Amino acid sequence: MMTIQDVLSVYAAMADLTEQMVQAATRSDWDALVLLEQRCAAHAQALREQETLQPMRGADRERKIELIRQMLNADRQIRDLTMPWMAQLSKLINSTGTERRVVNAYGSV
């Protein structure tokens, strides 16, 4: 089991990673974004497996709340940056699918 300080360290690392993810998304560096997300997911898995069940109090609790807020804010920024790219990718995929159906139906020109 993790101590409270271990837990806070993992949350701090995750908050840092999500900030790096925002920067990667801002640069449209999708490969870096994926790698950072995988690292963040590994931390989340470690918390699921090892986080202590004792409730936090006082300053420790406030720190955990602040770190979670930072991560949620970063997540919102990442979604705002990636949604237009995802829409463009979806449009491209749908366009390619339509083109393929036309070629299948009418043959290549």
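All residue numbers refer to position in the chain's written sequence, counted from 1. In view of the model being predicted, local features appear only for residues whose pLDDT reaches at least 70, and side-chain atom pairs are presented and counted only at 80 or more, with totals across whole chains, interfaces and linings using the full set of residues. Processing note: side-chain calculations cover all non-hydrogen atoms of the structure and skip hydrogens and water entirely.

Definition in use: UniProt positions are given in the numbering used here, feature names are shortened, and annotations may be inferred rather than shown by experiment.
Under an unreviewed UniProt entry, the name given to the chain is Flagellar protein FliT, and the organism recorded is Duganella margarita. In its Subcellular location (unreviewed entry) section, the UniProt record describing the chain reads: "Cytoplasm, Cytosol".

**Some thoughts on the nonpolar core**
Defined as follows: For our purposes a nonpolar core is just a set of buried Ala, Val, Leu, Ile, Met, Phe, Trp, Tyr and Cys residues, chained together by side-chain atoms within 4.5 Å. Burial classes: relative accessible area under 20% of the type maximum marks a residue as buried, over 50% as exposed, and values in between as partly exposed (1.4 Å probe, protein chains only). Think of it this way: any DSSP run of H or I at least four residues long counts as a helix, any run of E at least two long counts as a strand, and we number them from the N terminus. By definition in these notes, contact holds between two residues if any of their heavy atoms fall within 4.5 Å.
Counting residues in each nonpolar core, the largest one holds 25 residues, and the members touching the most others are Val7, Tyr11, Met14, Met21, Leu33 and Leu47. Elements supplying a minimum of two residues to this core: helix H1 (4-26), helix H2 (30-50) and helix H3 (58-106). A per-element tally of this core places H1 first, with 12 residues. Those residues in contact with leucine 33 that lie beyond four places of it in its chain are Met21, Ala24, Ala25, Ile78 and Thr82.

**Overview of H2**
How we decide: Here the expected span of a helix is defined as 1.5 Å times the quantity of residues minus one. Each C-beta atom gives one direction from the helix axis, and the arc is the one those directions make.
Across its 21 residues, H2 extends 30 Å between first and last C-alpha, which sits within 8% of the 30 Å expected from 1.5 Å per residue. Buried residues of H2: Trp30, Ala32, Leu33, Leu36, Cys40, Ala44 and Leu47, and no others. Relative to the axis of H2, the buried residues are bounded by an arc of 145° and lie together on one face. When the buried face of H2 is taken as reference, the exposed residues oriented beyond 90 degrees from it are Asp31, Leu35 and Glu49.

**Notes on the pattern of salt bridges**
Cut-off, in case you're wondering: What makes a salt bridge here is a side-chain nitrogen of Lys or Arg within 4 Å of a carboxyl oxygen of Asp or Glu, nothing more.
Summed over all chains, the structure comprises four salt bridges. Taking the shortest distance from any N to any O, the salt bridge between glutamate 62 and arginine 61 comes out at 3.9 Å. Residue classification places glutamate 62 among the partly exposed positions, given a relative accessible area of 47%. When the shortest N-O distance is used, the salt bridge between aspartate 75 and arginine 79 registers 3.0 Å. Here aspartate 75 and its partner arginine 79 are both found in helix H3, four residues apart, which amounts to about one turn of the helix. Under the relative-accessibility criterion, arginine 79 is labelled partly exposed at 41%.

**As for a nonpolar patch on the surface**
In plain terms, the rule: For patch detection, residues must exceed 30% relative accessible area and be free of salt bridges, and they are connected within 9 Å for like charges or within 5 Å for nonpolar side chains (Val, Leu, Ile, Met, Phe, Trp, Tyr). The accessible surface values rely on the Shrake-Rupley method and a 1.4 Å probe; as for residues, cover is taken only from the protein chains in view.
A contiguous nonpolar surface patch, about 460 Å² in accessible area, is contributed by Trp85, Met86, Leu89, Leu92 and Ile93. Structurally, the position occupied by leucine 92 is in helix H3. With relative accessibility at 52%, the residue leucine 92 sits in the exposed group.

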